[in-house]
Amino acid sequence: MLNIDKEASIFVFEKRVADKLHKPKRKETITEILRFSVRQLDKLKHPKYLTFYHPIEESSYTLAFAAEPVTGSLANVLGYLEERLPQTLPSATKEYSFLPLEIKYGLLQLAEGLSFLHYSCKLIHRNVCPQSVIINKRGTWKLAGLEFTERCNETDPMTAVPCQPFTSKLPKMGQPDLDFTAPEIQFSSMCSPYSDMFSFGLLICSVFNNGRSLIEANLSTTTYSKQLDLLEQNLTELLDRIPHHLQEPVQSVLNIDPTQRASSQDFTMIKYFMDPSVYVLQYLDAIHMKDTTHKSHFYHSLKGALPNIPRKLWYQHVLPSLSSELQSSEVLAAALKPLLFVIEESSFDQYQTLILPTFRSVFGMPKSVQASVTLLEHLDVIMKKTSKDDIKSDILPLIYTAFDSTTPQIQSAALHALSQVAGYLDENAVRKTVLPRTKQFFDNHSGTKEDSVVHVQANALMCIEKIIDKLEKTDILDEVLPMLNKAKLHDPLILMPVVRIYKHMLGDKRYGLTVNLLATKVMPALIPVTVSPGLKLDQFTTLVELLQEMLDHVSKSQKNKIKLEKLTTPSIEENPSNHLVDQNIGYPQRPPSVVQNIGYPQRPPSLRLDSRRTSMSMEDVIQEAFNNSTTSSPDSNLLRVQAALPGRRHSDNTIQPPRILVAPSSPESHLSRGPSAGNLQTRRHSSANTQDINLTFTTPKTLTTLGVDHLTTTSQGGRRYSATALYESVGGGVTSAGSSTSLLKQIGSGVYHLFSSK
């Protein structure tokens with residue numbers, strides 16, 4: 001009962017195949033030959049020979065043993081025996097074709113296998129032919145068919161020893177293949193290691209001759225002799241199909257004289273095999289016998305050799321060796337680099353079917369720091385070949401696990417990896433897990449200057465760059481902008497992600513990058529970096545373009561703001577360019593240049609006086625002025641004003657400049673007396689100085705629709721204005737202080753009606 005825990009090939013021989021021999025003794029001979037072959041393989045245990053898994057098992061009807069997985073024999077692949085022997089192998093074997101590198105490597109394997117057999121084991125194979133060469137699943141050629149081995153001369157291994165030639169008296173299946181037999185065996189019944197080299201030369205020719213040997217005896221010794229005479233001619237015709245550096249060695253081993261043939265050891269040293277790619281394939285076949293140090297050193301250099309190896313051999317030969325190392329934590333970091341290169345160059349289907357089944361175990365297994373960093377830093381390579389379901393089930397848990405590490409290298413690599421999978425993260429995970437952890441990594445490495453710390457900050461910023469679209473405005477203002485302010489901008493690795501983030505935020509108002517932040521926080525931090533000596537030309541250009549864009553943004557915003565404020569400000573009351581302010585009395589005065597007379601014909605002007613609101617009516621004020629005009633005191637000609645409100649200072653009761661509204665009138669109608677404009681000085685009422693006052697009522701063009709006139713006054717000598725002078729100016733006549741009382745009453749009544757008209 002076989003108990004095999006790994007993939008294997010089962011070789012089965014059915015005893016009934018020998019039933020046609022009819023002689024029981026011959027049947028037993030065939031069975032014994034097969035048993036001997038399996039025992040020989042089990043003893044050798046050499047990488048150039050078929051690897052034996054389980055000893056032979058025998059029943060009444062079959063013989064069976066287990067070996068490494070195989071594709072078929074060289075004879076099966078070449079197709080020569082397709083019609084002569086039962087074809088039990090898959091049909092794909094018939095369509096198998098060799099690459100030049102496969103042939104080169106396969107022939108070297110056979111040459112080294114013969115060298116080991118001749119010099120180490122002191123054995124002669126005697127049956128080197130395509131049927132004895134097994135091609136395993138990885139495409140490696142292995143020697144088998146040790147049924148007819150002979151022991152070498154003990155004194156001199158290269159000296160010939162007696163052997164059995166091919167004869168019709170023995171079962172044909174119980175003898176070596178006559179088409180690949182050396183002439184000294186057939187004619188002299190003597191063999192040596194050189195006999196194997198002659199057979200090896202015929203095998204090489206069959207590879208380049210569509211599987212046919214240069215000697216086709218058809219199991220006839222007579223035909224064999226005739227074909228041997230044509231050997232040199234047939235070889236000459238075939239040489240053009242044999243690679244140049246292999247032609248001379250083949251001619252050497254096919255020499256009729258055994259002593260003129262190259263030995264197996266010399267044959268391995270020919271120029272044809274001097275190919276680095278061949279050595280790589282050789283080392284991979286024997287790497288399971290190497291220690292951890294040798295394995296790691298080889299895998300580190302393997303990535304550089306892979307481009308020279310055909311892709312067919314990547315999956316057939318290289319990948320199985322790499323897959324066997326994935327469970328070793330010591331070698332995993334080194335094996336990941338060439339494996340990731342193979343993944344990057346593979347198609348989606350090749351990755352899913354050939355690589356992922358064994359590679360998936362790496363995601364969840366414990367790994368060294370270097371292995372974790374290598375995997376995380378190259379996660380983008382895996383992402384391109386991975387389905388969305390596998391990303392969520394395998395890759396995201398890997399990143400979240402790396403976030404819990406306290407090693408700065410793993411933290412930095414995790415941030416870099418996270419930027420690659422940002423599109424697969426939901427907003428809740430970004431805000432609650434990714435952003436807080438990213439900010440924590442950034443803050444923990446803000447005060448030092450080590451290279452690893454710089455990389456952590458740079459990767460943190462690149463992570464923010466990828467997830468910023470999934471953040472809320474509050475997250476950006478509270479978390480992201482403080483990170484950008486703390487960033488070490490003088491290092492280009494950190495500067496460029498910051499520049500890209502700011503540039504992205506400028507394009508959308510929802511990020512909260514206001515004009516005030518640009519002018520007070522962002523630009524002052526970026527401008528000094530422009531003179532940093534570490535910047536390259538392209539980095540400097542990108543930075544300056546960003547600053548210019550920010551300045552344009554600030555300029556545009558501020559211009560629009562100023563224009564908007566100017567439009568919303570009243571042109572008369574608030575705009576200082578539209579009026580003058582008298583410094584003494586504190587109210588606006590229209591410039592003389594804009595004063596003009598506007599009116600409508602046949603309508604008297606209507607005036608309205610707007611003055612300070614007091615507790616006395618206008619009628620009371622005028623009546624009081626009239627009553628005081630008849631007194632004989634020195635101040636009898638002055639206008640006196642009573643306190644408007646209880647408790648106010650007497651100095652506050654000053655005459656406020658009246659605001660007079662003029663109804664539309666004809667352009668010719670205007671009031672004019674004395675100088676056109678002046679300033680009404682504000683003085684206390686107790687002043688006894690008298691001064692004439694000239695009033696002019698005008699209507700400026702700019703305010704025609706409003707019907708607003710200003711009262712302009714001119715004072716001379718800083719004296720007070722008497723009520724009499726005011727009445728005279730309004731009345732249109734000139735009187736003295738000594739005029740009759742009736743005239744004053746008449747003028748006062750007119751002023752009253754004039755000022756109170758609507």
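All values reported here derive from a predicted model rather than from experimental measurement.

Assignment of secondary structure puts Glu 325 in the loop between helix H12 (311-324) and helix H13 (329-345). Along the backbone, Glu 325 and His 288 are 37 residues apart, and their C-alpha atoms lie at a distance of 9.1 Å. If we skip the residues at most four places from it in the chain, Glu 325 touches Ile 287, Lys 295, Tyr 299, Val 331, Leu 332 and Ala 335.

Okay, the packing of helix H18 (residues 388-403) against helix H19 (residues 408-420) next. For the pair H18 and H19, interaxial distance at closest approach is 9 Å and the crossing angle is 145 degrees. The two elements H18 and H19 cross, and the hand of that crossing is left-handed. Contacts between H18 and H19 involve Ile 399, Ala 402 and Phe 403 from the former and Ile 410, Ala 414, Leu 415, Ala 417 and Leu 418 from the latter. Tallied by class, residues from the contact of H18 with H19 come to 8 nonpolar, no polar and no charged.

Helical geometry: 3.6 residues make up each α-helical turn, so side chains three or four residues apart lie on a common side. With 17 residues, H13 should reach 24 Å at 1.5 Å per residue; the first-to-last C-alpha distance of 25 Å fits that figure. At Ala 335, H13 is deflected by roughly 40 degrees, the largest bend along its length, and proline Pro 338 occurs up to four residues later in sequence. Burial analysis of H13 places 12 of its 17 residues in the buried class, the great majority of the element. By the burial criterion, the buried members of H13 are Val 331, Leu 332, Ala 333, Ala 334, Ala 335, Leu 336, Pro 338, Leu 339, Leu 340, Phe 341, Val 342 and Ile 343.

This part is about the packing of aromatic side chains. Scanning the entire structure with this criterion turns up 12 aromatic pairs. Summarising the aromatic geometry, the rings of Tyr 283 and Phe 298 are spaced 4.4 Å apart at their centres and angled 20 degrees between planes, so their arrangement reads as stacked. Of the two residues, Tyr 283 is situated in helix H10 (residues 276-286) and Phe 298 in helix H11 (residues 292-305); the sequence distance between them amounts to 15 residues. One aromatic cluster is present, built from ring pairs that chain together Phe 200, Phe 267, Tyr 272 and Phe 273. When the ring centre of Tyr 272 is taken as origin, the NZ or CZ atom of Lys 104, which lies over that ring, is 5.3 Å away.

The buried fraction of strand S3 (residues 62-67) is high, at 5 of 6 residues. The sheet contact formed by strand S2 (residues 52-58) and S3 spans 4 bridges and is antiparallel. Within the sheet, the bridge partner assigned to His 54 lies in S3 and is Ala 66.

Attention now goes to a nonpolar patch on the surface. A contiguous nonpolar surface patch, about 340 Å² in accessible area, is contributed by Met 269, Met 274 and Tyr 279. For Met 269, the position within the fold is in the loop between helix H9 (264-267) and H10. The class of Met 269 is exposed, set by a relative accessible area of 58%.

Paired through backbone hydrogen bonds, the strands of a sheet run either parallel or antiparallel to each other. Spatial ordering of the open sheet is given by S1-S3-S2, a layout of 3 strands whose pairing is antiparallel. With one partner strand each, in any of the chains shown, strand S1 (9-14) and S2 form the two edges of the open sheet. Adjacent strand axes in the sheet meet at a mean angle of 15 degrees when their direction is disregarded. Bridge count for S1 against S3 is 6 bridges, and the pairing is antiparallel.

Its 14 residues give H11 an end-to-end C-alpha distance of 20 Å, which sits within 8% of 20 Å, the value for a rise of 1.5 Å per residue. The set of residues buried in H11 consists of Lys 295, Ser 296, Phe 298, Tyr 299, Leu 302 and Ala 305. Turning to H11, the residues buried within the fold contact H10, H12 and H13.

This next bit is on the pattern of salt bridges. If you walk through the whole model with that rule in mind, you get 25 salt bridges. The shortest N-O distance in the salt bridge between Lys 45 and Asp 42 comes to 3.0 Å. Here Lys 45 falls in the exposed class, since its relative accessible area comes to 62%. A salt bridge links Glu 549 to Lys 503, with the shortest nitrogen-to-oxygen separation between them at 2.9 Å. Of this pair, Glu 549 sits in helix H25 (residues 537-568) while Lys 503 sits in helix H23 (residues 492-506), and the two are 46 residues apart along the sequence. Relative accessible area serves as the criterion here: at 44%, Lys 503 is assigned to the partly exposed category.

Next up on the list: the packing of H11 against H13. What describes two packed helices is the angle between their axes and the distance between those same axes. Where H11 meets H13, the axes come as close as 8 Å, and the angle between the chain directions of the two elements is 20 degrees. With respect to H13, the element H11 is oriented roughly parallel. The chirality of how H11 crosses H13 is left-handed. Residues Thr 292, Lys 295, Ser 296, Tyr 299, His 300, Leu 302 and Lys 303 of H11 pack against Glu 330, Val 331, Ala 334, Ala 335, Lys 337, Pro 338 and Phe 341 of H13. Of the residues that constitute the contact of H11 with H13, the class distribution is 7 nonpolar, 3 polar and 4 charged.

Now for the sheet that holds strand S4 (residues 70-73). Pairing in this open sheet of 3 strands is antiparallel, and the strands run S4-S6-S7 from one edge to the other. Both outer strands of the open sheet, S4 and strand S7 (141-143), are each paired with one neighbouring strand and no more. The mean inter-strand angle of the sheet, taken between neighbouring strand axes irrespective of direction, is 30 degrees. Of the pairings in the sheet, the one linking S4 to strand S6 (residues 133-136) comprises 3 bridges and is antiparallel in character. Following the sheet pairing, Gly 72 is matched in S6 by Ile 135.

Before going further, it helps to examine the confidence of the model for the protein. The pLDDT averaged across the protein works out to 77; a share of 70% of its residues lies at or above 70. Here residues 572-614 is a poorly scored stretch, pLDDT under 50, and it has 105 contacts once near neighbours within four places are set aside; other chains count. Contacts for the low-pLDDT stretch residues 659-740, under 50 throughout, to residues beyond four places or in other chains number 194 contacts.

Here is what the cut-offs are and how they apply
- Residues numbered from 1 in each chain as written.
- Predicted model: local features only at pLDDT ≥ 70, side-chain atom pairs only at ≥ 80, totals over all residues.
- Heavy atoms only, no water.
- Helix = DSSP H or I, 4+ residues; strand = E, 2+ residues; numbered from the N terminus.
- Contact = heavy atoms within 4.5 Å.
- Axes fitted to C-alpha atoms, helices over the stretch in contact; angles between N-to-C directions.
- Left-handed = near helix turned anticlockwise from the far one by under 90°.
- Nonpolar A, V, L, I, M, F, W, Y, C, P; charged D, E, K, R; others polar.
- Expected span 1.5 Å × (residues − 1).
- Bend = angle between axes of the 7 residues up to and from the residue.
- Buried < 20%, exposed > 50% of the residue type's maximum accessible area, 1.4 Å probe, protein only.
- Phe/Tyr/Trp six-rings, centres within 6.5 Å; stacked < 30°, edge-to-face > 60°.
- Lys NZ or Arg CZ within 6 Å of the ring centre and 35° of its normal.
- Pairing = 2+ DSSP bridges.
- Patch = residues over 30% accessible without salt bridge, like charges linked within 9 Å, V, L, I, M, F, W, Y side chains within 5 Å.
- Areas by Shrake-Rupley, 256 points an atom, 1.4 Å probe, with all protein chains shown as cover.
- Salt bridge = Lys/Arg side-chain N within 4 Å of Asp/Glu carboxyl O.
- Parallel < 35°, antiparallel > 145°, perpendicular 65-115°, else oblique.
- pLDDT = per-residue confidence, 0-100.

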